[in-house]
Amino acid sequence: MKKKLRIILVWTLVSLLLQFGAYAFLNQQVANVLSPPGADNVPITKQLKAIIPGTNLKNIQISYAKDYLAYTENGTLKVFNLTKEKLVFEKKLPSPTDLTMGVLTYQWLPDRDTLIYFYAKKNPNPVTYVTVQPTQTPTTQQESTVQPKTEDPNQKTNKEVPKETPKEVPVKPKVEARYGNPQITELYSLELPDSNEDTAPDDRFNQTISNFPAGGKIEELVFSTSTNLIYLTVKNGTSELLMEIDVMKNVRTMSKSGESIDDMAASDRYGTLYINSKLGGTQQIVALSGDKRVVISKNSKDRVIGVRDGKVYIGEINNNMLVKIKTTADRTDVTINPALKTEWEGSIPYKSGMALIGSKGQVVINDQSTAYIITNGQLNEVKLQGDENYISDDGAELIQLIRSGTSTNVELQPIKQ
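Predicted, not measured: the structure shown is a model, and the values here were computed from it.

With respect to topology, four strands assemble into an open sheet ordered S1-S30-S29-S28, the strand pairing being antiparallel. Here the strands that pair on one side only, and so sit at the sheet edges, are strand S1 (48-53) and strand S28 (388-391). On average, each strand axis in the sheet is tilted by 20° relative to the strand beside it, whichever way the strands run. Both strand S29 (residues 397-404) and strand S30 (residues 407-414) contribute to a ladder of eight bridges, which runs antiparallel. Following the sheet pairing, Leu398 is matched in S30 by Gln413.

Given below as structure tokens:
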């Protein structure tokens with residue numbers, strides 16, 4: 001009897017082990033299909049050539065899949081299909097004579113072929129007039145008791161004169177002016193199909209930014225796709241605003257009065273925004289998360305240059321030269337003056353906006369003639385040949401523009417790491 005029980009117990013254990021092994025194998029296979037190992041860190045690259053009509057192409061930006069090129073030409077936003085070599089979208093100025101309106105800025109989302117852009121136009125009704133009916137206030141005569149004159153001074157009874165009824169004097173309604181924003185600023189998302197398809201792009205209106213300052217210029221625009229947050233800096237004259245737009249379309253101002261912001265980067269995990277802040281004579285790196293502001297570095301030479309995969313990259317700038325790259329952890333609970341780890345030391349020409357952090361954590365600095373690529377503390381220099389040279393946000397693709405007559409030759413090629 002005991003022998004039979006032992007046999008049953010052994011086979012039961014064997015059966016359970018086989019089931020657990022099978023379930024583990026299936027889970028691993030499903031995980032590999034849904035999220036292949038390293039897929040998130042392998043950017044799409046292409047090698048192709050295309051000819052774009054026109055030579056005055058500005059603000060060149062390549063899409064996530066490297067098949068669409070966005071640019072402006074004479075104030076018009078254009079999107080060109082590089083695979084089929086044809087223009088697929090245009091957003092013109094609302095008025096050809098007013099160059100202050102139209103598309104203010106645009107940027108591709110880092111994980112799909114969707115272009116976000118801001119569009120400004122004049123408010124046709126900046127002033128509205130409202131008829132206001134004032135509350136009627138009756139005009140009354142003072143109530144008084146008048147003693148009639150009597151012939152007999154010994155008369156005891158006095159007769160009162162009846163009181164007068166208050167009379168209402170009609171009050172005319174007033175027309176009051178209501179002043180609104182003279183500029184309408186709108187946020188759009190342009191979704192592009194696969195470049196081999198002939199489907200038209202889906203140009204979607206998202207919202208109106210009612211508190212956007214009229215005449216303001218968007219200096220910088222960054223996203224945190226994991227938290228659906230958009231951050232932008234808007235300069236208007238001598239004032240500068242840092243604005244946040246969340247998924248619920250709420251817009252709020254995050255900057256302090258008199259604060260100047262030079263470059264910023266958003267966490268791709270937690271939505272934390274890191275800015276190079278200058279307030280008065282104090283230059284420092286500040287992290288913003290909700291209503292919380294935390295100083296990351298008080299070194300006046302430090303500048304945040306990017307965030308990628310759990311790391312915040314900080315460059316030390318001395319006389320327009322990048323002399324050191326430091327990192328700190330990108331965390332949910334940001335702490336004051338965290339420890340900074342030195343990743344590289346050297347000397348590279350540097351100006352604001354020149355650096356990006358690639359998908360493999362490489363720091364890429366483009367000065368139009370040379371691409372300086374720092375990977376794992378090692379520097380590699382790539383000479384650039386185009387009239388204008390751009391690098392994709394993932395650091396993997398080089399876009400070279402060469403003007404030829406009335407057109408521009410565009411060449412895409414993967415960057416050799």
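Don't stop here, the text continues.
Either a parallel or an antiparallel arrangement is found when strands of a sheet pair, and the pairing is made through backbone hydrogen bonds. Taken together, the four strands give an open sheet; going across it, the order is S6-S7-S10-S11, and neighbouring strands pair in antiparallel fashion. Unpaired on one side and paired on the other, strand S6 (102-108) and strand S11 (202-208) mark the two borders of the sheet. Within this sheet the neighbouring strands show an average axis-to-axis angle of 25°, counted without direction. Two strands pair when backbone bridges link them, and S6 and strand S7 (residues 114-122) are joined in this way by six bridges, in the antiparallel orientation. Along S7, the bridge assignment pairs Tyr106 with Tyr117.

This part is about the pattern of salt bridges. Tallied over the full model, the rule gives 19 salt bridges. With a shortest N-O distance of 2.8 Å, Asp111 and Arg112 are connected by a salt bridge. Taken together, the salt bridges that share partners define one network made up of Glu73, Lys78 and Glu90.

Under the defined criterion, the tally for this structure stands at three aromatic pairs. Ring geometry for Tyr117 versus Tyr188: centroids 5.1 Å apart, planes at 5°, classification stacked. With Tyr117 in strand S7 and Tyr188 in strand S10 (residues 183-191), this residue pair connects regions lying 71 residues apart in the sequence. Like Tyr188, Tyr117 is buried. Plain terms: the ring middles of Tyr188 and Phe205 are 5.6 Å apart, the flat faces sit at 70° to each other, and that makes the pair edge-to-face. You can see Tyr188 sitting in strand S10 and its partner Phe205 sitting in strand S11, a full 17 residues away along the chain. You can call Tyr188 buried: its relative accessible area is 11%.

Rules and cut-offs
- Residues numbered from 1 in each chain as written.
- Predicted model: local features only at pLDDT ≥ 70, side-chain atom pairs only at ≥ 80, totals over all residues.
- Heavy atoms only, no water.
- Pairing = 2+ DSSP bridges.
- Helix = DSSP H or I, 4+ residues; strand = E, 2+ residues; numbered from the N terminus.
- Axes fitted to C-alpha atoms, helices over the stretch in contact; angles between N-to-C directions.
- Salt bridge = Lys/Arg side-chain N within 4 Å of Asp/Glu carboxyl O.
- Phe/Tyr/Trp six-rings, centres within 6.5 Å; stacked < 30°, edge-to-face > 60°.
- Buried < 20%, exposed > 50% of the residue type's maximum accessible area, 1.4 Å probe, protein only.

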